[in-house]
Amino acid sequence: MFEKLEAVEKRYEELTQILMDPSIANDIQKMTQASKEQASLEKAYNLYKEYKALLDGIEEAKELLNENDPEIKEMAKMELEELEKKQPIMEHDIQIELIPKDPNDEKNVVMEIRGAAGGDRRRRGGGRMNFAQSFKLALKSLKTSKMRAFLTMLGIIIGVGAVIVILSLGNGMTNMMNSQFEKMGSNLIQVMTYGRGTGGTRDVDVEDLYELVDKYPQYLTGVTPYVSASAKVRYQTDDYDRTSVYGVSEAFFKEDTKGTMQGETLAEGRFLSYIDVDRHQNVCVIGDYLAQTAFRGDALGKTISLSGVPYTVIGVLSKSGDSSEGSADDVIYIPYENAQRMGTGTMMMGTDEMFLLTSTSRDTASAAKGIVEKRLYKTYQSSDYYMVMTSAEMMDAMNTMMNTMMIVLVAIAAISLLVGGIGIMNIMLVSVTERTREIGIRKSLGAKQKDIRGQFVIEAGTTSAVGGVLGIVFGLLLARAATIAVGAIMSSSMNGITFSAVPTLSDIAVSFGVSVGIGVLFGYLPANKAAKLNPIDALRYD
């Protein structure tokens, strides 16, 4: 077969000389005949050149196996295996039969080709590597210089880890707040007033809101003031300075859910009744912390002093946090007018009064809010003196705030990824310089610029991908530690809701994708530099 290919080459070059001979330029018939014959031989001629390049590549790869450089030997070994696999395939595909069209014409025999190439296999010349080979070579390079590889990937590891832990914390905080709002109920409406209005002589008080509930029973089911009392809590000789005292009405406890508007439930006893509130009776409902600490679990019927006034414990709330001092379990509820007489604090800075209302359902919450706002505007003549929010709106506002904060923090963490990308670009430039001779050898074996560029881009992408995987593991470990630490710190105020900092699959996928993308992006410049090296200069480099 090789002899036939050589005959094709010889005949093709003879025809080229004929076509370039000025003496037959005017012989149209001969020029046309030579041109047609050359066209029929062109495919076989190209096959001959490709097959010859394959054989030359095999010989050169065998010679490179004697080199002392282990990287060059490994590259030559992989190249030889690839070329030897292609040789029988190419030999099988090439079937040439030269048939004379005019047997009497011995000098300028016009030949035709039958079966010049079988199949549609794509052939690659020597010196080229597929993706799998380049990937294996990149991993081998990382294993060879572990410390340098680790330092190169450090920026990517820190950046991806920081992004993962920040997103995990954000998800955990968002889920915790959503759980808290769901526990409170989706039909809760919060009203805060800030003054008497422009030229106003009176405020909207609880009686006005009671009238509103009676007027629109299809939208509103209950209302209670929510008064923060400045009371000194004392039991026997012990003072409880961090205990919160709130004044509410009987509507604060919802009979249908057997819980308060804030999601608390009764462990024993009862909640405040209409009679308790209407007659300003000195009764109270306490949290689990006081029940266990002050009363040793036997609180019902006992008395506790609030600003020197004895109050009888009629109910104990279930444990909702860690039952520690100052937590959500360290609380006392009394009739709201009793709390007002003690002297009131404010729930929010600048707030004069605060009320909690409930709509008939989540679907009517928006309409109920509109009714309340209309009544408040009638008194204040300006929306600057009050604020009305449903629990759904509070949830949306908190989520928006969290998302904004997360974007800022992730953007800051992404700076580490950019630093990591610069580190990869720097080390790849060094690698190109160190492997200049290897690049020259590959180009001499037939590798094109795109092959060299692809190899170095894959190596940069592999480096950043490994760094991304390590960063994800690092981030997951930090997220686990954050879950334990933040959960311990916030358990006192989470009302039994657990905190879990866990990233979503999309967070992990995006972080990994960005890390690989940064490696490819910053690795392109060194790869392009390697691709443009002159093979002769590269082979001379030492």
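Residues numbered from 1 in each chain as written. Predicted model: local features only at pLDDT ≥ 70, side-chain atom pairs only at ≥ 80, totals over all residues. Heavy atoms only, no water.

Trainee: Quick one: what's the story with the overall build of the protein chain, residue by residue and with numbers?
Mentor: Regarding its fold elements, the protein chain presents 15 helices and 17 strands. The contacts of the protein chain with a sequence gap of at least 6 include a subset with a gap of at least 24, amounting to 78%. By element, 55% of the accessible surface of the protein chain is carried by carbon and sulfur atoms, the whole surface being about 27700 Å². (Helix = DSSP H or I, 4+ residues; strand = E, 2+ residues; numbered from the N terminus. Contact = heavy atoms within 4.5 Å. Areas by Shrake-Rupley, 256 points an atom, 1.4 Å probe, with all protein chains shown as cover.)

Trainee: How would you sum up the pairing of strand E13 (residues 303-306)? Please name residues and give values.
Mentor: Alternating residues of E13 divide into Ile-304 and Leu-306, all buried, and Thr-303 and Ser-305, none buried. Inspection of the sheet shows strand E6 (residues 233-235) paired to E13 by 2 bridges, in the antiparallel sense. Looking at the pairing, Arg-234 lines up with Ser-305 of E13. Strand direction decides the pairing type here: E13 and strand E14 (residues 309-317), joined by 4 bridges, are antiparallel. Pairing of Thr-303 across the sheet is with Thr-312, part of E14. Between the antiparallel neighbours E13 and E14 lie 2 residues, among them Ser-307 with a positive phi of about 55 degrees. (Buried < 20%, exposed > 50% of the residue type's maximum accessible area, 1.4 Å probe, protein only. Pairing = 2+ DSSP bridges.)

Trainee: Could you give an account of helix H4 (residues 131-144), naming the residues involved and the relevant values?
Mentor: Here H4 is 14 residues long and its end C-alpha atoms lie 20 Å apart, about the 20 Å a rise of 1.5 Å per residue gives. The set of residues buried in H4 consists of Gln-133, Ser-134, Leu-137, Ala-138 and Leu-142. (Expected span 1.5 Å × (residues − 1).)

Trainee: Go over the packing of aromatic side chains, please, and point to the residues and values.
Mentor: Taken as a whole, this structure holds 11 aromatic pairs when the rule is applied. Here the aromatic rings of Phe-253 and Phe-271 are separated by 5.3 Å at their centres, their planes lie at 20 degrees, and the arrangement is stacked. Of the two residues, Phe-253 is situated in strand E9 (residues 253-254) and Phe-271 in the loop between strand E11 (266-269) and helix H7 (274-278); the sequence distance between them amounts to 18 residues. Both residues of the pair, Phe-253 and Phe-271, belong to the buried class. One aromatic cluster is present, formed by Tyr-226, Tyr-246, Phe-252, Phe-253, Phe-271 and Tyr-333 through successive ring pairs. (Phe/Tyr/Trp six-rings, centres within 6.5 Å; stacked < 30°, edge-to-face > 60°.)

Trainee: A description of the confidence of the model for the protein chain should follow, citing residues and the corresponding values.
Mentor: Residue-level pLDDT values for the protein chain average 79, and 80% of them are 70 or greater. Low confidence marks residues 346-350, where pLDDT is under 50. Its contacts with residues over four positions away, or in another chain, come to 9 contacts. (pLDDT = per-residue confidence, 0-100.)

Trainee: Quick one: what's the story with a negative patch on the surface, residue by residue and with numbers?
Mentor: A contiguous patch of negative charge on the surface is contributed by Asp-205, Glu-207, Glu-211 and Asp-214. With respect to the helices and strands, Asp-214 occurs in helix H6 (residues 206-215). (Patch = residues over 30% accessible without salt bridge, like charges linked within 9 Å, V, L, I, M, F, W, Y side chains within 5 Å. Salt bridge = Lys/Arg side-chain N within 4 Å of Asp/Glu carboxyl O. Lys, Arg positive; Asp, Glu negative; His and termini not counted. Charge placed at Lys NZ, Arg CZ, Asp CG, Glu CD.)

Trainee: With reference to specific residues and values, describe the pairing of E14.
Mentor: With 3 bridges connecting them, E11 and E14 associate as antiparallel partners. In the sheet register, Gly-269 faces E14, and the bridge partner there is Gly-315. In this structure, strand E12 (residues 283-286) lies alongside E14, joined through 4 bridges in parallel fashion. Considered in E14, the bridge of Val-283 is made with Thr-312.

Trainee: Break down unusual backbone geometry for me, with residues and values.
Mentor: Leave glycine aside and you will find that most residues have negative phi; peptide bonds, for their part, are mostly trans. Even without glycine at this site, His-280 takes up a positive phi of about 55 degrees. Mapped onto the fold, His-280 is located in the loop between H7 and E12. Judged by relative accessible area, which is 27%, His-280 ranks as partly exposed. Unusually for a residue other than glycine, Gln-381 sits at a positive phi of about 60 degrees. Tracing the backbone shows Gln-381 in the loop between helix H10 (365-380) and strand E17 (386-390).

Trainee: Could you give me a rundown of the sheet that holds strand E16 (residues 353-359), with the residues and numbers involved?
Mentor: An order of E4-E16-E3-E17 is seen for the 4 strands of this open sheet, with the pairing classed as antiparallel. The outermost strands of the open sheet, each flanked by one partner alone, are strand E4 (220-225) and E17. Strand-to-strand twist of the sheet, defined as the mean angle between neighbouring strand axes without regard to direction, takes the value 20 degrees. Taken together, the 5 bridges between E4 and E16 define a ladder with antiparallel strand orientation. Residue pairing in the sheet places Gly-222 in a bridge with Thr-358 of E16. Against the sheet, H10 makes contact with strand E3 (188-193), E4, E16 and E17, and its axis sits at roughly 175 degrees relative to E17, the strand it touches most. The sheet contacts of helix H11 (residues 391-434) involve E3 and E17, and relative to E17 the element is tilted by about 90 degrees. (Axes fitted to C-alpha atoms, helices over the stretch in contact; angles between N-to-C directions.)

Trainee: Help me get a handle on the nonpolar core, residues and values and all.
Mentor: Membership of the largest hydrophobic core comes to 62 residues, with the highest contact counts inside it found for Ile-286, Ile-304, Ile-332, Tyr-333, Ile-334 and Leu-357. Sequence-distant contacts of Ile-332, that is, excluding residues within four places in its chain, are made with Val-233, Thr-243, Ser-244, Val-245, Tyr-246, Cys-284, Val-285, Ile-286, Leu-290, Ile-304 and Leu-306. Counting residues in each nonpolar core, the second largest holds 20 residues, with Ile-156, Ile-424, Ile-427 and Ala-531 among its members. (Core = buried A, V, L, I, M, F, W, Y, C linked by side-chain atoms within 4.5 Å.)

Trainee: Give me the lowdown on the pattern of salt bridges, citing residues and values where you can.
Mentor: All chains considered together, the criterion is met by 8 salt bridges. With a closest N to O distance of 3.5 Å, Asp-298 and Lys-302 form a salt bridge. Residue classification places Asp-298 among the partly exposed positions, given a relative accessible area of 46%. Lys-369 is the salt-bridge partner of Glu-373, the closest N and O atoms lying 4.0 Å from each other. Of this pair, Glu-373 and Lys-369 are both found in helix H10, 4 residues apart, which corresponds to roughly one turn of the helix. A relative accessible area of 28% places Glu-373 in the partly exposed class. In this structure, a network of salt bridges that share partners links the residues Lys-369, Glu-373 and Glu-393.

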